[in-house]
Amino acid sequence: MSLTNILSILSFQSLFFAFLILMKKNKNQPDYWLSTFFILIFLQLQINVLTSFSTSYEYIDYGFLSMICTTAWFPVLYLYFRTQTRRFRFIDLYHFVPIILVAIVVFYNYTFRSLEHKLEVAESLNDQFPLWVDVWRIATFLIIFPLYTFLSWKKISELERIQTQFFSYPEVIRVKWLKKIVAVMVFSILIALVFFMIENIFGIPFLQIGIYPFLAFAIAIFYLGVYGITNNVALVELENEYSIVAHRKEDSRTKKTILNDRELEIKFSDYKKLLIDCMDAKKPYLNPKLSLKGLASIADIPYYHLSTVINYHFDQNFYDFINQYRINEFIKNVENKENAKFTLLSIAFQSGFSSKSSFYSTFKRHKNLTPVQYLKRSGKSS
C-alpha cells in the first residue's frame, strides 16, 4: 500500500469523527466548530491525495485551495475553545480575516489570471514556489500559528479559572481535552516546520518530501479523534453554561461593592456560618455535579455572595473548597469498618467524586500523597 493510499484512509477517519459529532442529539456551538475542524482536515488531506502533490496545471487550483484550508484551522479551533462558555457573536467574524486575505492573494495571483500566467506558475513550481506562496508559508509559521496558539492557550487558562470558580468537578469544560488539541496542533506545525527547513537548507524539492508532514499530521489527527471518543470527551453532551461569563462579570462587580461596604461585614459573617452549617448538615458535596449556583440554592445564599465568602473567608476557590470536604468524607468513610468490603474508588464515588482521575489528582494535590500512600502512613485501610 502506498503512502498516498494510507493518507487517503486516514483522511476519511477525520470525516467519520465529524459525522459522529454531528450525530449528537443535543449539539451546541462548540460541536459545530469541532466538526468543521475535522471536515477541513478531511478536505485538505483529500486535496493532497487527489493531486498526489503534482504540479500539473489541472491540479494547481486544488493545491491553492489547500492553503485556504490550512489558514482556516487556527481560527476555527480557537472559536471551538471560545464557544465553550460564550456564544459566537458577529464581532467574532474578524477571526476569518486571515482566511479572506489568503483567498484574495490566491485569486489575485492565480485564479483570476490568464491561462498563460497559470501555465507559467505551474512550470515554476517544479523548481520553487512563487514568492507569494513562500510569504504565506512564513506568515503561517511565524504569525498565524503563534498568535492563535497563544490565544487558544490563554482561553484554556481562562476556562480553568472559570471551572474552579463555578464547578466542583473537572468534566464540565474538559480542559485536558482542549490542551490535547493544542498539543496535537503544535506537534503538527513543528513537523511541517522541520520539513520546511529541510527543504530550504538541503534544497530538496517539496514535491519529494511533501507527503511526510501531511502523513504525520493525519496520524496525529487520528490519535486526537480516537482519544476524544475513547475518553468520552468529544461525543458527550456539552452542558449549556453560556451564562458563566455573565455571572462572572456580575460577581466581579458585586465584589467591588462588597469590599467597599463595611456594613456588609456582619452579613458575610452570617453567610460564612450559614455555609458551614449547610455543609455539615446537608452535605451537598456528595452531589458529584454540584455547581456554585447549586450550592447557593441549597445554602440559601446569593451565588455572587457565596463566591466571595469562599474566596475571601476560606481562602479557596469553589473547586478546592468542595473537594476538601469530599476528601474528608472519603477518609471518614474509609475508617468506617462497615465499608471494608468496598474498594477505594467506590468509596470515593460515595464521597462525591465524579471520576477516578479527578479523585486521585485532587487527593494528591491536597494531601501530597496518593490515597493508598496516605492510608498506609496513617495505618488505615478499607
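Residues numbered from 1 in each chain as written. Predicted model: local features only at pLDDT ≥ 70, side-chain atom pairs only at ≥ 80, totals over all residues. Heavy atoms only, no water.

1. What to know about unusual backbone geometry
Although it is not a glycine, aspartate 315 adopts a positive phi angle of roughly 55°. Checked against the element boundaries, aspartate 315 lands in the loop between α13 (303-313) and α14 (318-335). A positive phi angle, near 60°, is found at asparagine 368, a position not held by glycine. Looking at the secondary structure, you find asparagine 368 in the loop between α16 (356-367) and α17 (371-378). (Helix = DSSP H or I, 4+ residues; strand = E, 2+ residues; numbered from the N terminus.)

2. Description of the environment of leucine 20
Within the element layout of this structure, leucine 20 appears in helix α1 (residues 3-22). What makes leucine 20 partly exposed here is its relative accessible area of 21%. As a C-alpha pair, leucine 20 and serine 35 span 15 residues in sequence and 8.6 Å in three-dimensional space. (Buried < 20%, exposed > 50% of the residue type's maximum accessible area, 1.4 Å probe, protein only.)

3. Quick notes on the pattern of salt bridges
Summed over the entire model, instances satisfying the criterion amount to eight salt bridges. We note a salt bridge from aspartate 277 to lysine 273, for which the minimum N-O separation is 3.1 Å. Of this pair, aspartate 277 and lysine 273 both sit in helix α11 (residues 265-281), four residues apart, which is roughly one turn of that helix. Residue lysine 273 is classed as exposed on the basis of its relative accessible area of 53%. The salt bridge involving arginine 365 is made with aspartate 320; its shortest N-O contact spans 2.7 Å. You can see arginine 365 sitting in helix α16 and its partner aspartate 320 sitting in helix α14, a full 45 residues away along the chain. Classification of arginine 365 by relative accessible area gives partly exposed; the value is 44%. (Salt bridge = Lys/Arg side-chain N within 4 Å of Asp/Glu carboxyl O.)

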